[in-house]
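So you can see what is in the structure, the chains are spelled out below.
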Amino acid sequence: MANLIIKIKKFFAMIGKSIKTFFWNVRRILNNFKKRVGNFLDRHHINPAGKAPGWAKALIYLSPALVVLAVFTFWPIINSFALVVYENYNMTNNTITGYTIFGNFIRVLTDESFIVPASHTGSSAVINTLIIVFISVPISIFLALAISVALNSIKPLKGFFQTIYFLPYVTNTIAIGLVFAYMFKTDGGLVNQFLKIFGVNVTGLSWVESNAVYWRSMFVLIFYSIWSALAFKIMVFLTSIQGIDKQYYQAAAIDATPKGRIFSKITVPLISPMIFYITVTSVIGAFKIYNAIVALFGVAGAPPGVRYNLQSIVMYIYQFIDGSNAGNLSVAAAASLILFAIILVLTIVQMQVSKKRVHY
Amino acid sequence: MELRLENLTKIFTNKNGQETLAVDALDITIESGTLVALLGPSGCGKSTTLFMIAGLVKPTAGKIFFGEDDVTKLAPEKRGIGLVFQNYALYPHMTVFKNILFPLENMDVPRDEAFERVKDMANLVGIGELLDRKPSQLSGGQQQRVAIARALVKKPRVLLLDEPLSNLDARLRLQMREEIKRIQRETGITTVFVTHDQEEAMSISDKMVVLDFGKEQQYDAPQDMYNQPGNLFVAKFLGNPPINSFEANVKNKQLIINGKEFMKVNLPDGEYFVGMRPENFRAKSDGFIVDIKEIFHIGRDTMIHFDFNNTNIRALVDSDSIEEGQNKVGLTIKPDRVYIFDKETGKVLNNG
């Protein structure tokens with residue numbers, strides 16, 4: 001038996017060795033080839049890189065990424081600027097009735113359920129999105145900061161808690177959405193069971209089902225987006241907190257600095273570039289909220305049988321691509337550009353505010 | 001404030017349960033208002049001792065007294081110490097003013113008085129006009145001054161400095177040495193500082209403690225320690241160029257070097273370690289004749305190399321007393337500048 005194990009080990013060692021030898025030889029051949037090419041070029045006084053300017057060389061190295069970006073990012077951006085001027089664009093037969101500069105923007109801005117609450121639902125995409133952004137982003141940032149400071153200060157079970165908080169990051173959104181929907185079930189859902197302990201009357205207390213009122217479904221949605229956004233933030237904050245020199249804390253300890261002041265005067269300013277980065281990216285991310293709503297409420301964007309709607313701006317845009325108004329890409333493009341403008345303005349505001357508060 | 005260490009011991013235990021004795025039963029009393037250096041090679045436990053005084057490291061055994069108060073169990077913030085870190089640990093996002101103000105913000109001090117104290121302290125350390133700058137806009141020496149000001153502004157009972165000059169260049173180091181000495185004189189604060197540089201320790205401290213493997217080797221005023229080293233380690237550690245040490249026999253109360261009688265000593269026969277400092281030799285025609293191996297002219301002095309009992313010996317003598325190409329010279333040395341150490345324990349036997 002022992003003999004067999006030794007034989008198996010030897011066999012795998014042999015395989016490993018031959019693989020390494022193979023790569024070694026490949027490199028030898030390539031080196032040889034490079035040398036020959038170099039010799040050939042030298043003999044004929046050819047120096048392809050010599051005359052090319054620096055940017056040309058850079059362009060060659062960047063070209064693979066640039067090609068991908070051009071096809072999937074730059075072209076769609078340019079295209080959306082082009083689409084926006086078409087009047088009554090029809091995707092199926094690719095026809096337009098004319099050109100317009102503001103027509104599509106005006107249509108979006110005056111459309112029911114974009115900014116103006118729709119008469120049949122009483123809710124609008126922009127208001128929904130703003131509520132989600134301005135509630136979930138600050139809460140999740142503060143929570144993430146608190147949790148990462150707490151995680152940094154505990155020793156036992158640190159790895160365990162880090163894993164727990166990181167799990168949402170690696171878990172499928174739709175799967176989490178289903179779990180949430182189950183947790184918030186009216187009959188026998190985990191949340192209602194929990195509330196029952198505190199004597200809350202939970203009969204018919206609906207969160208994501210037909211009787212749910214607007215703020216209850218919105219609460220679930222915000223709860224969900226905070227929780228799923230925490231993982232990445234905690235990871236970033238924890239890493240940057242761990243990068244702070246311990247001596248700052250020792251110096252503060254000797255000066256009898258209370259914990260709260262250490263947090264606000266030392267920890268937060270020292271990781272402020274990371275906080276700023278997280279704020280900007282999560283505001284952008286929250287504005288683009290889409291799959292969380294779909295995961296919880298389906299493509300309708302609302303619990304079944306309710307009057308209101310939890311549609312976000314991105315969902316509004318998508319409905320012109322494959323939803324009820326399918327085919328009118330011009331309106332979708334106009335709405336995307338409005339979303340872009342909102343995000344741009346907010347980011348510029350954040351950058352201005354951060355100039356004083358962020359210490360690099 | 002008198003600072004007293006009683007039987008202070010620190011044992012570090014690593015993950016495998018291996019124990020390292022970092023500080024071994026230190027018994028030191030630092031008089032009020034003196035500047036004391038903890039001196040020793042790397043890993044001798046000097047920084048650990050300092051951090052134990054600061055309260056950042058808990059001692060395994062022993063006690064620390066500030067005056068009559070036993071502070072051994074006290075948290076660092078309750079001890080009333082000012083600590084200057086090796087790399088200063090200035091808060092990078094705060095101005096110099098805010099940095100110095102920071103300790104006062106945690107105390108019960110009126111705002112006007114706090115501002116006044118910050119300004120006074122900044123002027124004392126000579127950075128009065130840099131208060132609006134950020135630490136990154138300061139030179140190393142200026143950062144050092146800010147760190148000292150921050151440590152002193154809350155009027156601590158004891159000032160602790162961890163390798164305060166090691167991050168500065170040679171010229172600044174000389175200047176900051178004098179500055180630290182001056183600031184300490186002006187404030188009259190009991191100061192302990194850690195260094196591995198014997199020259200630095202000797203030039204600024206009132207007294208110094210030499211440590212090796214966590215054990216106190218000698219505690220004395222610098223010049224006394226230099227002239228009367230307690231043991232071979234201290235003798236070897238102090239002085240640049242280092243002391244010459246070699247083995248020699250004593251026969252019939254005579255120290256035998258190179259087979260000849262060198263000087264009279266009052267010791268029993270046997271083998272000893274002998275130490276002689278290079279600068280204590282004098283060239284005199286009626287002295288002990290040695291064969292010169294090499295001559296180096298180094299400015300003011302001349303360094304000659306020769307052998308004592310097959311050990312290379314260096315001597316610094318007056319340039320005028322040696323000529324180029326000379327191969328023999330007579331040397332004398334005062335008897336009280338010859339140190340004879342026990343071969344087993346390294347303790348000095350004829351001096352101190």
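So, on to the nonpolar core. Counting 112 residues, the largest nonpolar core has Leu 221 of chain A together with Leu 160 of chain B as its most contacted members. Here the element with the most residues in this core is helix H9 (residues 214-242) of chain A; it accounts for 13 residues. Those residues in contact with Leu 160 of chain B, other than ones at most four positions away along the chain, are Leu 50, Ile 53, Ala 54, Ile 81, Gly 82, Leu 83, Val 84 and Val 192 of chain B. With 48 residues, the next largest nonpolar core counts Val 118, Leu 152, Ile 204 and Leu 238 of chain B among its residues.

Taken as a whole, chain A is organised into domain 1 (1-46) and domain 2 (103-357). Between domain 1 of chain A and domain 2 of chain A, the C-alpha centre-to-centre distance is 51 Å.

What follows covers unusual backbone geometry. Residue and element names in this part refer to chain B. Cis rather than trans, the peptide bond between Asn 240 and Pro 241 has omega equal to 0°. As for its placement among the helices and strands, Pro 241 is situated in the loop between helix H8 (232-237) and strand E11 (244-251). The backbone of Ala 89 sits at a positive phi, close to 50°, despite the residue not being glycine. Within the secondary structure, Ala 89 is located in the loop between strand E6 (81-84) and helix H2 (96-105). A relative accessible area of 4% means that Ala 89 is categorised as buried. A positive phi angle, near 65°, is found at Asn 310, a position not held by glycine. Note that Asn 310 resides in the loop between strand E17 (301-308) and strand E18 (311-318).

Residue and element names in this part refer to chain B. Strand order across the open sheet formed by three strands is E16-E17-E18, with antiparallel pairing between neighbours. With one partner strand each, in any of the chains shown, strand E16 (294-298) and E18 form the two edges of the open sheet. For this sheet, the mean angle separating the axes of adjacent strands, direction not counted, is 25°. Pairing of E16 with E17 involves five bridges; the strand directions are antiparallel. Across the sheet, the residue bridging to His 297 is Thr 302, located in E17.

Domain boundaries assigned for chain B yield domain 1 (3-229) and domain 2 (244-341). Computed over C-alpha atoms, the centres of domain 1 of chain B and domain 2 of chain B are 40 Å apart.

Take the packing of aromatic side chains next. All names here are of chain A. Counted by the stated rule, this structure contains 31 aromatic pairs over all chains. Between Tyr 214 and Tyr 308, the aromatic rings sit 5.4 Å apart at their centres with planes inclined by 90°, giving edge-to-face as the arrangement. Of this pair, Tyr 214 sits in helix H9 while Tyr 308 sits in the loop between helix H13 (291-297) and helix H14 (313-322), placing them 94 residues apart in sequence. What makes Tyr 214 buried here is its relative accessible area of 17%.

Across a sheet, paired strands are connected by hydrogen bonds in the backbone, their directions being either parallel or antiparallel. Residue and element names in this part refer to chain B. In space, the five strands of this open sheet follow the order E13-E12-E11-E14-E20, with antiparallel pairing throughout. The sheet is open, and its two borders are formed by strand E13 (260-264) and strand E20 (338-341), each paired with just one other strand. Recorded for the sheet is a direction-independent mean angle of 40° between the axes of neighbouring strands. In terms of strand pairing, E11 meets strand E12 (residues 254-257) through three bridges, oriented antiparallel.

Here we come to the interface of chain A and chain B. Taken together, the contacts link 18 residues of chain A with 21 residues of chain B. Of the roughly 1700 Å² buried between chain A and chain B on both sides combined, carbon and sulfur atoms contribute 59%. The largest share of the area that chain A buries against chain B comes from Gln 247, Ile 254 and Asp 255 of chain A, three residues that together contribute 36% of it. Across the contact surface, chain A and chain B share two salt bridges. Notably, a salt bridge pairs Lys 154 of chain B with Asp 255 of chain A, separated by 2.7 Å at the nearest N-O pair. At the boundary of chain A with chain B, the tally comes to eight residue pairs in polar contact (both at pLDDT 80 or more). Counting residues per element, the ones that place at least two in the side of chain A that touches chain B are helix H10 (246-254) and helix H11 (259-270) of chain A. When residues of the side of chain A that touches chain B are assigned to their parent elements, the largest contribution, seven residues, is made by H10 of chain A.

Residue and element names in this part refer to chain B. Take Met 208: it is sitting in strand E9 (residues 207-212). C-alpha of Met 208 to C-alpha of Gly 346: the two residues are 138 residues apart in sequence and 20 Å apart in space. Here Met 208 is in contact with Ala 37, Leu 39, Ala 201, Met 202, Gln 218, Tyr 219, Asp 220, Pro 222, Met 225 and Leu 238, once residues within four sequence places are set aside.

With that settled, the discussion passes to the packing of helix H4 (residues 103-110) of chain A against helix H15 (residues 329-357) of chain A. Residue and element names in this part refer to chain A. Running from N to C, H4 and H15 cross one another at 75°; their axes reach a closest spacing of 8 Å. If you check the angle between H4 and H15, you find them roughly perpendicular. On H15, the residues that touch Asn 104, Phe 105, Arg 107, Val 108 and Leu 109 of H4 are Ser 330, Val 331, Ala 334, Ala 335, Leu 337 and Ile 338. Of the residues contributing to the contact of H4 with H15, the split by class is eight nonpolar, two polar and one charged.

This part is about a nonpolar patch on the surface. All names here are of chain A. Among the surface-exposed residues, Trp 55, Leu 59, Leu 62, Leu 66, Leu 69, Phe 74, Trp 75, Ile 77, Ile 78 and Phe 81 lie close enough to one another that they form a single nonpolar patch of about 1000 Å² accessible area. Its place among the elements puts Leu 66 in helix H3 (residues 54-83). The exposure class of Leu 66 is partly exposed, given its relative accessible area of 33%.

Time to look at the packing of helix H5 (residues 125-153) of chain A against helix H12 (residues 272-287) of chain A. Residues and elements named next belong to chain A. It is the contact of H5 with H12, at a shortest axis distance of 9 Å, that shows an interaxial angle of 150°. The pairing of H5 with H12 is recorded here as roughly antiparallel in orientation. Between H5 and H12 lies a crossing of right-handed hand. On the side of H5, the interface is formed by Thr 129, Leu 130, Val 133, Val 137, Ile 141 and Leu 145, while H12 contributes Ile 275, Ile 278, Thr 279, Ser 282, Val 283, Ala 286 and Phe 287. Classifying every residue of the contact of H5 with H12 gives ten nonpolar, three polar and no charged.

So, on to the side chain of Arg 177 of chain B. Residues and elements named next belong to chain B. Counting through the fold element by element, Arg 177 comes out in helix H5 (residues 170-187). One buried charge, Arg 177, has no salt-bridge partner; the nearest side chain with opposite charge is Glu 199, at 4.1 Å. Setting aside its immediate chain neighbours within four residues, Arg 177 contacts Leu 165, Glu 199, Glu 200, Ser 203 and Ile 204.

Thresholds, definitions, all that
Residue positions are counted from 1 within each chain, in the order its sequence is given. Key to labels: chains lettered from A, ligands numbered from 1, both in the order written. With the structure being a predicted model, the display of local features is reserved for residues of pLDDT at least 70 and the display and counting of side-chain atom pairs for 80 or more, all residues being used for whole-chain, interface and lining totals. Think of the side-chain values as coming from all heavy atoms in the structure, minus any hydrogens and water. Definition of nonpolar core: a set of buried residues of the types Ala, Val, Leu, Ile, Met, Phe, Trp, Tyr and Cys, connected through side-chain atoms within 4.5 Å. Here the term buried applies to any residue with accessible area under 20% of the maximum for its type, exposed to any over 50%, and partly exposed to those in between, with areas from a 1.4 Å probe on protein chains only. By the criteria applied, helices consist of DSSP H or I runs no shorter than four residues and strands consist of E runs no shorter than two, each listed in order from the N terminus. It only takes one pair of heavy atoms within 4.5 Å for two residues to be counted as in contact. Domain start and stop points were drawn from an automatic or database domain assignment. Here, strands pair whenever DSSP counts at least two bridges between them. Note on geometry: axes are lines fitted to C-alpha atoms, helical ones only across the stretch in contact, with angles between N-to-C directions running from 0 to 180 degrees. Between rings of Phe, Tyr and Trp, where Trp is taken as its six-membered ring, a pair exists when centres lie within 6.5 Å; planes separated by under 30 degrees are stacked, by over 60 edge-to-face, and by other angles tilted. Defined in terms of a 1.4 Å probe, buried area is the accessible area two parts forfeit on being brought together, summed over both. By convention in these notes, a salt bridge is any Lys or Arg side-chain nitrogen within 4 Å of a carboxyl oxygen on Asp or Glu. Counted as a polar contact is a pair of N or O atoms within 3.5 Å, where, for protein atoms, one must be capable of donating a hydrogen and the other of accepting one, and residues adjacent in sequence contribute only when both atoms are in side chains. The cut-offs work like this: below 35 degrees is roughly parallel, past 145 is roughly antiparallel, 65 to 115 is roughly perpendicular, and the gaps in between are oblique. When residues are grouped by polarity, Ala, Val, Leu, Ile, Met, Phe, Trp, Tyr, Cys and Pro land in nonpolar, Asp, Glu, Lys and Arg in charged, and all others, Gly among them, in polar. Surface patches are drawn from residues lacking salt bridges whose relative accessible area is over 30%; two like charges belong together within 9 Å, two nonpolar side chains (Val, Leu, Ile, Met, Phe, Trp, Tyr) within 5 Å. Method for areas: the Shrake-Rupley scheme with a 1.4 Å probe, in which residue coverage is limited to the protein chains shown. Here a crossing is taken to be left-handed if its near helix is turned anticlockwise relative to the far helix by less than a right angle, and right-handed if that turn runs clockwise. For this count, His and the chain ends are skipped, Lys and Arg are scored as positive, and Asp and Glu as negative.

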